[in-house]
Amino acid sequence: MTDASINPAVPKRHGSLMSADARTAKRNAAEKRFQMYGMAAIGAGLFFLVVLIGAILSSGIGAFQQTFITVPVYLDEAKLDKKGNRDPAEMAKVSTFGYNPLIQKAVLAAVEEAGIETPLKKSKNMKALLSASAAAQVRDVVLANPDMVGQTVEFRMLASSRVDGYLKGRVQREDVARDKNIDAEHLDLTDALREAGIVSKGFNAGFIFGADASESRPEQAGLGVSMLGSFFMMIVVLVLSLPIGVAASIYLEEFAPQNRWTDLIEVNIANLAAVPSIVFGILGLAVFIQFAHLPQSAPLVGGLVLTLMTLPTIIISTRASLKAVPPSIRDAALGIGASKMQATFHHVLPLAMPGILTGTIIGLAQALGETAPLLLIGMVGYIATNVPDGIAAGFLSPNSAMPAQIYEWAKRADPAYYERAWGGIIILLVFLLTMNLIAIILRRRFERRW
Amino acid sequence: MYDAPLFTERDVTANTIKIGARGVQVFYGDTHAIRDVDVDIEDKTVTAFIGPSGCGKSTFLRTLNRMNDTIDICRVEGDIRLDGEDIYDKRVDPVQLRAKVGMVFQKPNPFPKSIYDNVAYGPRIHGLAKNKAELDEIVEKALRRGAIWDEVKDRLTAPGTGLSGGQQQRLCIARAIATEPEVLLMDEPCSALDPIATAQVEELIDELRQNYSVVIVTHSMQQAARVSQKTAFFHLGNLVEFGETAQIFTNPEDPRTESYITGRIG
């Protein structure tokens, strides 16, 4: 033992506590610097997030509003039901070409009644204001209610995408000189009709619930049917990947012996998680469509491909959450004579459940936003035109999916589709954020501590 | 250092042998963890395994109910018999063995379920109760024998993980005895407990001796002296000495035993 520590003759090794020595100051400066880097990184991330959300909202929010023309249409019996017996089968012979003149006349009549001065004196001139879907809309209503023929009924019809674009600021007066679809007189008329309340903007339910429309009718295109396509795909993914993924993980984690084979499997699962999704797409094309002859463009095939893609994610997250259950719980169960399976299913699995569900939801969210594999199995294009009739058709009839529909819209030439692509992204993001939120809530609520 | 252990005059009758181990070798991969151990565990007796860390006493304890089976690289050789039956025989299902040879672990490990469900789990999976009333009875009996009934009887539905460390360990003991084992293995049951909880558990062990054969691994030599009738001293995977506790602590035959209990090696 030594008493050197209390010997005053020994020189002091440390300076005053009141001022930092050079080394401490340097250390503190380094720490400050590191914190600054961290904050700068977070700041940059937040900035990009704000820019991204701002860009999406400013470009896409317009898709949720649409311009409508509301006019009373006289449903002329002489044109629509020549025999006058109100037989829908007979009336169905009149195509939309028979309805167009009636609607155009009705718009012109409304223009005249409102006392609007315009050089466009012919009913034909009204065509540019109306969506090509207007005639079909009126026809559908009339065929469903044949008694309407001969009466004057008020219809709220879609305006053409140019009129819509003009009211939303997408179509400028400078541009119309080069536009074959609309001219300055029509824009003047649109302004006047808007003041008269005949042309108005309203909430666009058709965009959320409707089907895709052809290239010339962007005002009619909606995401609803491809949303159903996504829904059916997600059902396939959930039903297949959750049980397969969880069973595989439980076996690998709890039962499989640790040897070269399981190591190999483990490495390959990790590799699969990193395989580009387009590879799964071409695999799906080769195996499910060309070999197994499943229908093209069907959500069933899309779901199968996405299942392949989601499985590694689910297996990895399930194994991680099984690993996180302390071994003492397994020991406890085994120690009182539970079999391995009882220990796993009674004790380990319930504790791992929140993690498994979170992983599954994240995997599903990933699958929901996946586009590339769908390109290869034919789920992109002008497909999502009709609501599938029935559940079997939902799985087997050609459909698109939300992200594929967005891609399809972004590809189309008409700038009106550009707005709809962004609007679709908003809907997709709402779905993804909701799923992630559910994952977080599940984790918070069911997480147990030990 | 430590007070001279108080040896109560326990009559160590020649009990029947519950577990007999002969020439037991345990390997972890290439490591030879247990070398040629012969031990007889008597019925209605507390047997203590002592020895420095890593000497193999816990490993040997876990071979007695085949808990080592869960470790892939672990290999056991030799002959271990429970009531004359070889527990490593191919026909033996470790699940049945563990129902007979219960285990309490070093760290209290109640299931994250209610106190009631913790204790009821064993009887449920082994089908010991025909109905709810019988199960209630078994749970109450186990908790009473685990000396924790009075503390938890009003909150049987509360989570077992919400109890204090000592209570959790007694709950684990109650859980282990609810399945009516014949042998109870305890792997350092008091290492995570404070002195008061330790005293309670030790008292409990002494009571359990009436019905069970208890094997306890401990680092505390005082504890071994207090609760056990037989003591085995392990060192570097060898069983150095095995005998009456009083004799091991007062008059050890092997110099290594003496060094250990007097604190020179460890």
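This text follows the structure it describes.
Residues numbered from 1 in each chain as written. Chains lettered and ligands numbered in written order. Predicted model: local features only at pLDDT ≥ 70, side-chain atom pairs only at ≥ 80, totals over all residues. Heavy atoms only, no water.

1. Notes on the overall build of chain A
Heads up, the rule is: The way it works is that DSSP assigns letters per residue, a run of H or I at least four long becomes a helix, a run of E at least two long becomes a strand, and they are numbered from the N terminus. It is over C-alpha atoms that the radius of gyration is taken, and the globule rule equals 2.2 Å times the number of residues to the power 0.38. Buried residues are those whose accessible area, probed at 1.4 Å on protein chains only, stays under 20% of the maximum for their type, while exposed residues exceed 50% and partly exposed ones sit between those limits. It only takes one pair of heavy atoms within 4.5 Å for two residues to be counted as in contact. Each accessible area is a Shrake-Rupley result for a 1.4 Å probe, and residues are judged covered by the shown protein chains and nothing else. A residue counts as positive if it is Lys or Arg and as negative if it is Asp or Glu; His and the chain ends are not included. Just so you know, the charge point we use is NZ for Lys, CZ for Arg, CG for Asp and CD for Glu.
Helices and strands together make up the secondary structure of chain A, namely 18 helices and three strands. Its C-alpha atoms give chain A a radius of gyration of 32 Å, clearly above 22 Å, the size a compact globule of 450 residues would have. Across the 450 residues that make up chain A, the buried fraction comes to 44%. Sequence-distant contacts, at least 24 apart, represent 78% of the contacts inside chain A between residues at least 6 apart. Looking at chain A as shown, the accessible area adds up to about 24,000 Å², and 63% of this sits on carbon and sulfur atoms. In chain A, 41 side chains carry a positive charge and 37 a negative one; their mean positions are 9 Å apart.

2. Some remarks on the overall build of chain B
Scanning chain B from N- to C-terminus turns up ten helices and ten strands. Against the compact-globule benchmark of 18 Å for 266 residues, chain B has a radius of gyration of 18 Å, which places it among compact chains. Referenced to the eigenvectors of the C-alpha coordinate spread, the extents of chain B come out at roughly 55 × 45 × 35 Å. Each charge class in chain B was averaged separately, 31 positive and 40 negative side chains, and the resulting centres sit 4 Å apart.

3. A short note on a nonpolar patch on the surface
Which entries qualify depends on this criterion: What goes into a patch is any residue over 30% in relative accessible area without a salt bridge, connected to like charges within 9 Å or, for nonpolar side chains (Val, Leu, Ile, Met, Phe, Trp, Tyr), within 5 Å. A pairing counts as a salt bridge when a side-chain nitrogen of Lys or Arg comes within 4 Å of a carboxyl oxygen of Asp or Glu.
Taken together, the side chains of Ile42, Leu46, Leu49, Leu52, Ile53, Leu57 and Ile61 of chain A make up a nonpolar region of the molecular surface, amounting to roughly 640 Å² of accessible area. Note on placement: Leu46 of chain A falls in helix 1 (residues 22-60).

4. Quick word on the interface of chain A and chain B
For interface size, the figure often reported is the accessible area lost on association. The condition is simple: By definition, the buried area sums, over both parts, the 1.4 Å-probe accessible area that each loses when the two are put together. Polar contact criterion, stated in full: a pair of N or O atoms within 3.5 Å, where within protein one must be able to donate a hydrogen and the other to accept it, and residues adjacent in sequence count only if both atoms are side-chain atoms. Only Asp, Glu, Lys and Arg are considered charged, only Ala, Val, Leu, Ile, Met, Phe, Trp, Tyr, Cys and Pro nonpolar, and every remaining residue, Gly among them, polar.
The partner chain B presents 24 residues to the 22 residues of chain A that form the contact. Together chain A and chain B conceal approximately 1,800 Å² of surface at their shared face, both sides included; 62% is due to carbon and sulfur atoms. Run the count over chain A and chain B and you get zero salt bridges. The interface formed by chain A and chain B holds five residue pairs in polar contact (both at pLDDT 80 or more) in total. Those elements that place two or more of their residues in the side of chain A that touches chain B are helix 13 (327-335) and helix 14 (340-368) of chain A. In terms of residues, the side of chain A that touches chain B owes the most to one element, helix 13 of chain A, which gives seven residues. Partitioned by chemical class, the residues of the side of chain A that touches chain B number eleven nonpolar, eight polar and three charged.

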